[in-house]
There are 4 protein chains.
Amino acid sequence: MSVIKAAIVGGTGYTGVELLRLLAGHSGVEVSAITSRAEAGTAVAELFPSLRGHYDLKFTAPDVDALAACDVVFFATPHGVAQAQVPALIARGVRVIDLSADFRIQDIATWEDWYGQPHGCPELVPQAVYGLPEVNRDQIAGAQLIACPGCYPTSVQLGLLPLLETGLVESTGIIANAASGASGAGRQGKTDLLFAENNDTFRAYAAGGHRHLPEIEQGLGRAAGGPVELTFVPHLLPMVRGIHATLYAKLKDSAAAASAQEALQQLFEQRYAAEPFVDVMPAGSHPQTRSVKGTNMCRLSVMRPQGRDTVVVLSAIDNLAKGASAQAIQNMNIMFGLNENQGLESPALLP
Amino acid sequence: MSVIKAAIVGGTGYTGVELLRLLAGHSGVEVSAITSRAEAGTAVAELFPSLRGHYDLKFTAPDVDALAACDVVFFATPHGVAQAQVPALIARGVRVIDLSADFRIQDIATWEDWYGQPHGCPELVPQAVYGLPEVNRDQIAGAQLIACPGCYPTSVQLGLLPLLETGLVESTGIIANAASGASGAGRQGKTDLLFAENNDTFRAYAAGGHRHLPEIEQGLGRAAGGPVELTFVPHLLPMVRGIHATLYAKLKDSAAAASAQEALQQLFEQRYAAEPFVDVMPAGSHPQTRSVKGTNMCRLSVMRPQGRDTVVVLSAIDNLAKGASAQAIQNMNIMFGLNENQGLESPALLP
Amino acid sequence: MSVIKAAIVGGTGYTGVELLRLLAGHSGVEVSAITSRAEAGTAVAELFPSLRGHYDLKFTAPDVDALAACDVVFFATPHGVAQAQVPALIARGVRVIDLSADFRIQDIATWEDWYGQPHGCPELVPQAVYGLPEVNRDQIAGAQLIACPGCYPTSVQLGLLPLLETGLVESTGIIANAASGASGAGRQGKTDLLFAENNDTFRAYAAGGHRHLPEIEQGLGRAAGGPVELTFVPHLLPMVRGIHATLYAKLKDSAAAASAQEALQQLFEQRYAAEPFVDVMPAGSHPQTRSVKGTNMCRLSVMRPQGRDTVVVLSAIDNLAKGASAQAIQNMNIMFGLNENQGLESPALLP
Amino acid sequence: MSVIKAAIVGGTGYTGVELLRLLAGHSGVEVSAITSRAEAGTAVAELFPSLRGHYDLKFTAPDVDALAACDVVFFATPHGVAQAQVPALIARGVRVIDLSADFRIQDIATWEDWYGQPHGCPELVPQAVYGLPEVNRDQIAGAQLIACPGCYPTSVQLGLLPLLETGLVESTGIIANAASGASGAGRQGKTDLLFAENNDTFRAYAAGGHRHLPEIEQGLGRAAGGPVELTFVPHLLPMVRGIHATLYAKLKDSAAAASAQEALQQLFEQRYAAEPFVDVMPAGSHPQTRSVKGTNMCRLSVMRPQGRDTVVVLSAIDNLAKGASAQAIQNMNIMFGLNENQGLESPALLP
């Protein structure tokens, strides 16, 4: 097929530059526009020297006609922006892949409660497809508007889906203890994101309630066929990329006997046997975030310590890749009937 | 009183050099001997340039007479060493503070099971006092042999004691998700401890079972007045010092109503009101490991997210300080009737 | 003597909190005021949790009467601030120790040229004493206004003084290649200081000309008894604290024969024999920044590679300590006739 | 052409795994063997989880027949190994690309002096081509044995070649101040390479003389058409990948007038105009190591601070890529008449 024309709205953030990095190696796509009000006129390669020689593109102010001339528009923007700009594009038949939180939550009241503002475009929410290919591949193929999952929700859902889909574990009292690299906080000049504030230290944040909680519970609720109650505590790591989720769920008494380590291993391997970007590691493994750095891979490990009733799942992704931009490209590949792996096949940088 | 003569056995590791750093500022103690078979004859300040100008001491081969001439001997050795050398010192009336795991577990079979070797000195285990001052201050004052708590066990027990002592939470299904800086793995030339293997990456390890589990369950069991079942998953952080434990326990139905955020906050503040080295932070705080770096402080925060039944406690210590050498000095201060804070009052280095 | 009453102007930056950390352990000083317009009313321990339990102090808006009631006022402010506030304090007999660049350069035109603004208080510049005790100890003892050296200038001058004072090396073509931890850039929310922008990367900056160049050349010129021409290239390290300067100077032909490694080593050892905070390491050593972390120490090493005409000096300090706040306290100790080491004796944290 | 069969000798080190990472994306090459005595029988993907799904290969013990069956053999081994194994392969017509130091130095006595052992295969040294394409592209195309440049020598030579080839600068008194990420020290379990020994600290090493010095002086001497005298001081950075060299050379009096900033900029741009992997950045830029991470690119910047006689060049590469494995593949592409860029086109991971 002819090359897909893509645009990126909000290209100065980390998910924007990650889209550019990955699309530079994707032969089926050409980035024809990238917008930024603040940097309009600046060359992409000036702001991001790593892209020197890969893009001649300059940032431009957002222009709906220019965006509408593309086959697909990626929104790599803070929440609230896509809600305002997407309707005009949808109306003109453009496909939209939103990396922000604007269309992830189906219940408008819940979204407004957690994001503290009225939803700017509730009418499009019902048709937005949640872009987790391991769950919604078919709907993604036919979608015009994709709501890409958040970084934490991707790592947590992929780790818990096999247990909840099969009803092996209780749907309450689930624990998601997750830690993210600092790039997850975005490219904004805040004192508490300084190098000198985050190197050689570790802390939890938003332990009382993080915006990704309702998104996770919505996704897991669908898998469980009923409400799921999760305690989610995110932490900030002294590193740039990577999310590691350590997940704890209680086996139902009825399932305990049948869920030996071997059975759990088999359950996970079968659930993801056909998935190109979920890697169930051998029993006893501990996935490292660096093993997925820059890639669309999620590596999982499942165990049942001391043979007790608590199942532990370890889940590692790159927050900017499978947690954002690479998964967005996986969605694009599916939407346009390309090879789902295209542009996403490079192994991680190690060491 | 006259100055205490102290010796350190196994002084080339990180807990050894941390003892030296802290004792350099302790006017009541003089380090008169430090042993190392491998480095015998080497000046301490040659191996650790940070101590240039603070110590003229040279490492010496272990010699029981030299050690017996001291008032107190610290063992900063791998497990197994103290078991062999402590009996002779105890017999000669020397006080011993063991930073290793040799005397922490009262049940010999459990120790042998987890450490994979016969216990070298079971007869002394009953008289060894577990050196957690927040629980055993009085026994420490009268003890001749102290088993210093492990780093993870210190952070986990201090975080859970108030909940288990009062029976507010279930004693099973407790989760201790902890992460440690790389210094916790010791100063040994192993490939998987290299800088290039641990920077900019994060992973769990020993998720199937870590040696600190039985120590934690022993301590919490005493607090709960019955067996406690914990799932403990340690992680390795890309930083040098610090342990952060994120703890999850389920409120008993009977306790749920009475355990609002305010009540939990008050419970923790009262439990530790008299403790010089446990700091209960204001409700909603997230303790950072850097805020305790190099100090004997443990900072705690307690919350009840979404008002659900899972209580979350955040606990931060320095694994080499409150998790090892500084707590050992706190024990020494108590044993010798000194001011419990002596030599332990410097604030953390920040940034 | 009675306790010295000290105030800190601009206490929310890294040199301010470092002054607080060090003065917490200085029995001869009490911090009675700390100012910050932005944080007026906030408790110091709320902004810096590492100081919980050490200070009850709140930040206050600057008030000249409150400051004038102190024995000494430290300015831990950006350049330009001290110029405006110092005159009133000097007039009222208060001693002032300025950690900023305002009074370091004796030539007003040079200062205005490099700092791009008119000097706010040229009349006080002549009486300001440059606070490098290794050069100006006597004048410091009698001074009312101290201009504390910059971080880079401290590390570079201490490394080159012995060579220039003795005229062993050419006064032109000197190279100062230096690298600093990110805390040197201050505690301000700028995008290019983010953790995600500075971890796992290294770069030079201001290679075309850095404001510390004229300060360094002024100091070295005094030592050489004539103009010195230096090329100074600073670099930004992916770490929080520490400056390492690698210095290169060409031996005069007349001096080459007499300057064997042994002679250079002896020269440095003799020059600093009486200095409590300059440590000339054994020949062949390589000082590490971590060996001086949090301390007032400067560690030096001198060598003559391949016996060629280029002498290499390695110099390591902590940019926030000997490079700023600890040196300021050393100056204060000298001004008030205290033991020069008081409050500055703790060894570095290692690891 | 048909796919090239490649083998890697010594595949468990960082240059070995980097070859595997890069060749996984090179459609013209198939890795048919990878050797390791220690790991014989272990799956590559077990030792390096980042390669799961990319290689089924197992490590095998070195076997000359298996190696001789390949078109090209890469040696990613410590010095001394290739000297012993290469002759048999050369005799059988196999092309060899040696990433070690064995064949870099043409003067055998110099090699033996710096490496402290007799050279195992002096007879092949004359025919070994030094694999710096920017200098020896034509000879590389016709070579059977390539000696890949060291990491430091690559960054230093590319930065100084334009100045020495044109005779603009003095050939003595040149300074190469370089810093490397810890991966440059290799994947060996040494205490001084531990994370806890190298994080948050910085130091010089081998300042008295590093093995890369003679290699650099050999290469620069060829460019200058006569002996070059360099002072080279390497430093160890608290990061994994990247080398940054800051180079200082003195303009000849005759050249000073003609070498304004613009002229130097133009000189560098013209010298490398046709080079796919040398990027001369705009005047005033400061190349960051992260901008070349994982790539074969060398980014340069040249300036003349204060218009004085010292020219400063900043040079950034990835020590494992352009400094080793990627440059080896660039050499292979040239030797086999492939597109020189093949497999080397991905932009760096940023952030």
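Computed from a predicted structure; not experimentally measured. (Residues numbered from 1 in each chain as written. Chains lettered and ligands numbered in written order. Predicted model: local features only at pLDDT ≥ 70, side-chain atom pairs only at ≥ 80, totals over all residues. Heavy atoms only, no water.)

**Describing the packing of aromatic side chains**
Residue and element names in this part refer to chain B. Applied cut-off: A pair of Phe, Tyr and Trp rings is counted when the ring centres sit within 6.5 Å of each other, with Trp represented by its six-membered ring. The angle between the planes then sorts it: under 30 degrees is stacked, over 60 is edge-to-face, the rest tilted. Secondary structure elements follow DSSP: runs of H or I of four or more residues count as helices, runs of E of two or more count as strands, with numbering from the N terminus. Partly exposed residues are those whose accessible area sits between 20% and 50% of the maximum for their type, while under 20% is buried and over 50% is exposed, using a 1.4 Å probe and protein chains only.
Taken as a whole and judged by the stated rule, the model has 12 aromatic pairs over all chains. Between Trp 111 and Tyr 115 the ring centres are 4.8 Å apart and the planes differ by 15°, which places this aromatic pair in the stacked class. Here Trp 111 and its partner Tyr 115 are both found in helix H5 (residues 108-115), four residues apart, which amounts to about one turn of the helix. Comparing Trp 111 with Tyr 115 shows no difference in burial state: the two are buried.

**A closer look at helix H12 (residues 321-335) of chain C**
Every α-helix carries 3.6 residues per turn, so stepping three or four residues along brings you back to the same face. All names here are of chain C. Convention followed: Under the convention used throughout, the expected extent of a helix is 1.5 Å for every residue step, that is, one less than its residue count. The bend at a residue is defined as the angle formed between two axes, one fitted to the seven residues ending at that residue and one fitted to the seven starting there.
Counted at 1.5 Å a residue, the expected span for H12 with its 15 residues is 21 Å, but the 18 Å between its end C-alpha atoms falls short. Of all the bends in H12, the greatest, near 45°, is centred on Gln 327. Where burial is concerned, most of H12 is hidden: 15 out of the 15 residues are buried. Downstream of H12 by a residue or two, Gly 337 has a phi angle that is positive, lying close to 70°.

**Observations regarding the environment of C:Val240**
Residues and elements named next belong to chain C. Mapped onto the fold, Val 240 is located in the loop between strand E9 (230-236) and strand E10 (243-250). The exposure class of Val 240 is buried, given its relative accessible area of 4%. With 58 residues separating them in the primary sequence, Val 240 and Ala 182 have C-alpha atoms 5.0 Å apart.

**Focus: the side chain of B:Gln83**
Residues and elements named next belong to chain B. The condition that has to hold: Polar contacts, as counted here, are pairs of nitrogen or oxygen atoms within 3.5 Å of one another; within protein the pair requires one atom able to donate a hydrogen and one able to accept it, and residues that are adjacent in sequence qualify only if both atoms are side-chain atoms. Note on contacts: a residue pair qualifies if any of its non-hydrogen atoms lie within 4.5 Å across the two residues.
When you line up the elements, Gln 83 lands in helix H4 (residues 81-91). Gln 83 sits in the buried class, given a relative accessible area of 3%. A distance of 3.1 Å separates the side chain of Gln 83 from the side chain of His 119, its partner in a polar contact. A polar side-chain atom of Gln 83 sits 2.7 Å from the main-chain amide nitrogen of Gly 120. Non-local contacts of Gln 83, meaning those with residues more than four positions away in its chain, are made with Asp 102, Phe 103, Trp 111, Pro 118, His 119, Gly 120 and Cys 121.

**Comments concerning the interface of chain D and chain C**
This is how the line gets drawn: In short, buried area is how much 1.4 Å probe accessible area vanishes from two parts on joining, totalled over both. The rule for a salt bridge is simple: a side-chain nitrogen of Lys or Arg has to be within 4 Å of a carboxyl oxygen of Asp or Glu. Amino acids outside the nonpolar list (Ala, Val, Leu, Ile, Met, Phe, Trp, Tyr, Cys, Pro) and the charged list (Asp, Glu, Lys, Arg) are all regarded as polar, and Gly is one of them.
Listed as interface residues are 45 residues of chain D and, on the opposing side, 45 residues of chain C. Contact between chain D and chain C buries roughly 3700 Å² in total, counting both sides, with carbon and sulfur atoms accounting for 53%. The largest share of the area that chain D buries against chain C comes from D:Asp200, D:Phe202 and D:Arg308, three residues that together contribute 17% of it. Inspection of the chain D/chain C interface yields seven salt bridges. Of the charged contacts, one joins D:Glu217 and C:Arg308 as a salt bridge, the two residues approaching to 2.7 Å between their closest N and O atoms. If you look at where chain D meets chain C, you find 28 residue pairs in polar contact (both at pLDDT 80 or more). Sorting the residues of the side of chain D that touches chain C by element identifies strand E7 (174-180), helix H8 (195-198), strand E8 (203-204), helix H9 (212-224), strand E9 (230-236), strand E10 (243-250) and strand E13 (310-317) of chain D as the ones contributing at least two each. Residues belonging to the side of chain D that touches chain C are distributed by class as follows: 24 nonpolar, 13 polar and eight charged.

**Remarks on the sheet that holds strand E5 (residues 129-130) of chain D**
Residue and element names in this part refer to chain D. In plain terms, the rule: Strand pairing is assigned whenever DSSP identifies at least 2 bridges connecting the two strands. To define axes, lines are fitted to C-alpha atoms, for helices over the stretch in contact only, and angles between the resulting N-to-C directions are given on a 0 to 180 degree scale.
One open sheet holds the six strands; their spatial order is E2-E1-E3-E4-E6-E5, and the pairing between them is parallel. Edge strands, defined here as strands with exactly one partner in the open sheet, are strand E2 (29-35) and E5. Examined bridge by bridge, E5 and strand E6 (residues 145-147) share two bridges and lie parallel to one another. Counterpart to Tyr 130 in the pairing with E6 is Ala 147. Where helix H4 (residues 81-91) meets the sheet, it contacts strand E1 (4-9), strand E3 (72-75), strand E4 (95-98) and E6, and its direction lies at approximately 175° from that of E3.

**Thoughts on the UniProt feature "domain: Semialdehyde dehydrogenase NAD-binding" (unreviewed entry) in chain A**
Quick note on the threshold: UniProt positions are given in the numbering used here, feature names are shortened, and annotations may be inferred rather than shown by experiment.
Look at the UniProt record and you will see "domain: Semialdehyde dehydrogenase NAD-binding" (unreviewed entry) annotated at residues 5-143 of chain A. Between the C-alpha atoms that bound residues 5-143 of chain A there is a distance of 17 Å. The span itself is 34% helix and 17% strand.

**Let's talk about the domain arrangement of chain A**
Residues and elements named next belong to chain A. Rule in force here: What fixes the domain bounds is an automatic or database domain assignment.
Parsing chain A into structural domains produces domain 1 (4-127) and domain 2 (152-319). Look at where the C-alpha atoms of domain 1 and domain 2 centre, and you get two points 27 Å apart. Across the domain 1 to domain 2 interface the summed buried area is about 1200 Å²; carbon plus sulfur atoms make up 54%. Contact with domain 2 buries surface across domain 1, with Tyr 14, Arg 104 and Trp 114 losing the most and accounting together for 48% of the total. At the boundary of domain 1 and domain 2, one finds two salt bridges. The interface formed by domain 1 and domain 2 holds eight residue pairs in polar contact (both at pLDDT 80 or more) in total. For the side of domain 1 that touches domain 2, the element with the highest residue contribution is helix H1 (residues 14-23), accounting for four residues.

**Things to note about the relation of the copies chain D and chain C**
Basically, it comes down to this: For the least-squares superposition of copies, only C-alpha atoms count, and only for residues with pLDDT at least 70 in both.
Its rotation angle being 180°, the transformation that places chain D on chain C also includes 0.0 Å of axial translation and leaves an RMSD of 0.0 Å. In the structure described here, the two chain copies are related by an operation that fits a two-fold rotation axis. In terms of proximity to the rotation axis, the leading residue of chain D is D:Pro238, whose C-alpha is 3.3 Å off the axis. A high fraction, 100%, of the interface residues of chain D reappear at the interface in chain C, so the copies pair face to face through one surface.

**Quick notes on the interface of chain A and chain B**
The interface is formed by 45 residues belonging to chain A together with 45 residues belonging to chain B. For the pair chain A and chain B, the two sides together bury roughly 3700 Å², of which 53% comes from carbon and sulfur. Counting across the interface, chain A meets chain B through six salt bridges. Between B:Arg290 and A:Glu197 there is a salt bridge, and its shortest N-O distance comes to 2.4 Å. Elements with a contribution of two residues or more to the side of chain A that touches chain B: strand E8 (174-180), helix H8 (195-198), strand E9 (203-204), helix H9 (212-224), strand E10 (230-236), strand E11 (243-250) and strand E14 (310-317) of chain A. Classifying every residue of the side of chain A that touches chain B gives 24 nonpolar, 13 polar and eight charged.

**Focus: the pairing of strand E3 (residues 72-75) of chain C**
Residues and elements named next belong to chain C. Heads up, the condition is: Seen with its strands pointing away from the viewer, a crossover is right-handed if its path from the first strand over the helix to the second goes clockwise.
Neither face of E3 is exposed, since Val 72 and Phe 74 on one face and Val 73 and Phe 75 on the opposite face are all buried. In this sheet, E3 lies alongside strand E1 (residues 4-9) in parallel orientation, the contact comprising four bridges. The residue of E3 that forms the bridge with Ala 6 is Val 72. Here E3 pairs with strand E4 (residues 95-98) via four bridges, running parallel. Among the inter-strand pairings, Val 73 is bridged to a residue of E4, identified as Val 96. Between the parallel pair E3 and E4, the chain is carried across by helix H4 (residues 81-91), and the sense of this crossover is right-handed.

**Concerning the environment of B:Gly167**
Tracing the backbone through its elements, the reader meets B:Gly167 in the loop between helix H7 (151-165) and strand E8 (174-180). Expressed as a C-alpha distance, the spacing of B:Gly167 and B:Ala224, which sit 57 residues apart in the sequence, is 6.6 Å.

**Some remarks on the sheet that holds E4(C)**
Residues and elements named next belong to chain C. The six strands lie next to each other as E2-E1-E3-E4-E6-E5, forming an open sheet whose pairing is parallel. The open sheet has two edge strands with one neighbour each: strand E2 (29-35) and strand E5 (129-130). Contacting E1, E3, E4 and strand E6 (145-147), H4 crosses the sheet at an angle of about 175° to E3.

**Some thoughts on the pairing of strand E1 (residues 4-9) of chain B**
Residues and elements named next belong to chain B. Counting buried residues along E1, five of its six residues qualify, which places the element largely inside the surrounding structure. The sheet contact formed by E1 and strand E2 (residues 29-35) spans six bridges and is parallel. Note that in E2 the partner of Ala 7 across the bridge is Ala 33. Read as a crossover between parallel neighbours, the route from E1 over helix H1 (residues 14-23) to E2 is right-handed.

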